[in-house]
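Next come the chains, spelled out residue by residue.
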Amino acid sequence: MQPFPDDSVELLELVSRYQQKLLTAPPDQLVRPEATESGLPPGDLALPEDGIGADSAVTELSERLLDTAIRSAGPRFFHFVIGGVTPAALAADMLTSTADQNTGMWVSSPIGAHTEVLALRWLRELFGLPVEWAGVITSGATMANFVGLASARRWWGAEHGVDVDVEGLSGLPRIPVLASGHLHSSAVKSLGMLGIGRSSVRFHRNDDGSVDLAGMRADLASLGGAPAIISASAGEVNAGAFDPIEELADLAEEFGAWLHVDGAFGLFAALSERTRHLVAGVERANSVGSDGHKWLNVPYDCGFAFVRHPELLGPIFSNTAAYLPGVDLERPNYGNLGPESSRRARAFAVWATLAAYGRSGYRRMVERHLDLAQHLAERVRAEPSLELLADVPLNIVCFRYHPDDVAEAELDALNTAIAAEVITDGRVHFGSTTYRGMVAFRPAIVNWRTGTADIDLIVQVVLELAQRVREVGP
Ligand SMILES: *Cc1c(COP(=O)(O)O)cnc(C)c1O
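Everything in this summary refers to the structure shown in the same document. (Residues numbered from 1 in each chain as written. Predicted model: local features only at pLDDT ≥ 70, side-chain atom pairs only at ≥ 80, totals over all residues. Heavy atoms only, no water.)

**Quick look at a negative patch on the surface**
Together, Asp6, Glu10, Glu13 and Asp55 give the surface a local cluster of negative charge. Looking at where glutamate 13 falls in the secondary structure, it is placed in helix H1 (residues 8-23). (Patch = residues over 30% accessible without salt bridge, like charges linked within 9 Å, V, L, I, M, F, W, Y side chains within 5 Å. Areas by Shrake-Rupley, 256 points an atom, 1.4 Å probe, with all protein chains shown as cover. Salt bridge = Lys/Arg side-chain N within 4 Å of Asp/Glu carboxyl O. Lys, Arg positive; Asp, Glu negative; His and termini not counted. Charge placed at Lys NZ, Arg CZ, Asp CG, Glu CD. Helix = DSSP H or I, 4+ residues; strand = E, 2+ residues; numbered from the N terminus.)

**Considering the nonpolar core**
Counting 92 residues, the largest nonpolar core has Leu123, Phe127, Leu220, Ile230, Leu259, Val261 and Leu296 as its most contacted members. Sequence-distant contacts of leucine 296, defined by excluding residues within four places in its chain, comprise Thr86, Leu123, Phe268, Phe304, Val350, Thr353, Leu354 and Tyr362. Counting residues in hydrophobic clusters, the runner-up holds 31 residues, among them Leu386, Val392, Phe441 and Val469. (Core = buried A, V, L, I, M, F, W, Y, C linked by side-chain atoms within 4.5 Å. Buried < 20%, exposed > 50% of the residue type's maximum accessible area, 1.4 Å probe, protein only. Contact = heavy atoms within 4.5 Å.)

**Remarks on the site of the ligand**
Near the ligand, the surroundings consist of 14 residues, among which Thr142, Asp262, Asp291, His293 and Lys294 are the closest. At 2.6 Å from an oxygen atom of the ligand is found a side-chain nitrogen or oxygen belonging to threonine 142. With 3 residues, the single largest contributor to the shell around the ligand is helix H5 (residues 141-159). Residues belonging to the shell around the ligand are distributed by class as follows: 4 nonpolar, 7 polar and 3 charged. (Near = heavy atom within 4 Å. Polar contact = N/O pair within 3.5 Å; in protein donor to acceptor, adjacent residues only side chain to side chain. Nonpolar A, V, L, I, M, F, W, Y, C, P; charged D, E, K, R; others polar.)

**What about a nonpolar patch on the surface?**
Together, Leu22, Leu23, Leu61 and Leu65 make up a nonpolar patch on the protein surface, roughly 340 Å² of accessible area in all. Secondary structure elements with two or more residues in the nonpolar patch: H1 and helix H2 (54-68). By the element assignment, leucine 22 lies in helix H1. For leucine 22, a relative accessible area of 36% gives the class partly exposed.

Geometric descriptors of this kind do not, in isolation, establish any biological role.
Right, here's the structure in full:
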């Protein structure tokens, strides 16, 4: 007898009813339901000896999602940089679990590996990256940065005559990693995971975080020809600022350094004539990382790494055992070209959404978000009690509440209190950051559903809650 009843088909119908409820929620539904935390079951429930059955278990989970889940896939969620899910990507992702392919090896999923080849080719075309570059789909931009920086580490070792993936780093000097103040925390995390060390970063930054090019040049010159890594940011998370990629590529060329570019969401600037200049020069990099679950609007988790030198990935990531296939670039075994061995067919959702909406569909989405960001900036400029803190080159608007009658020394506490209120209020969702020493809001616009009314609600909610906080006191 089978250990479990075979009720998969009935369960899909049950789940589909809940999916419809999640997807057709009214627009004024709270982004953060009141029961977001209070509706969760106790964390110390014991494992049941006898199960309640799949129908009951799935119903319980569905109800809990409806009651408690933050609507981070919806149009009014602006915290961090969290994208939604396009209809095509959602449907493809459901098929991904249903077919349950292991795309670590060509032999276990020719369709999975082949779809990844296609998806990566289309992404390189979308971003204007050379088609000869290697690519691999990762779980996100952190792992994409990891792949790029692992490639840099291998190159750096070879410059010192050492295969660091075989022999390790011991006995070698520290690897110099040069960056502006825009460097994302996930690149620092990757440097730690790679044994390069979190503190190996040599920051060359001006007060606003932008790169101090003269300082970086002097540092490179002081290395006396020794190899180094430049880790550039195409789109940082507080205001959407960009390092000057072309200038950094010039420096890398002049001093023979490796240029890695983190374009988790900023790489999508390449999609519009209006913003393409921000990523000019990215095709001169040695490695580039980006995210799928942000601006591409595919479900978690998905990112992509591109590396100029296809021969580097196999020696870093190959997973060898008598029963496993090797590195084959024609029929790729992606488990040998990236950090994960067995892996989900994330390429299905990437392929489906690009096939469904094409280059022009994504261009329209990006340009709509650019327009919405400028609209929000205009609204902020027009409100006497709001202050725009940075230019808006892309899709993030950095601002704070700053009425005339509140002293500078009190603004941080006031804005922190407003940000906390915004989250519990739940009509829109975004958090605070510290920008140039000031507590600020930084809504990021990346969801394909977001429209003007959602953006206007940001301003309305901040003004209302600021009033309330000032009446009660922070
Ligand atoms: C989000 C982000 C990352 C990390 O991406 P994950 O998808 O969370 O792994 C890296 N760099 C930048 C600039 C980001 O915005």
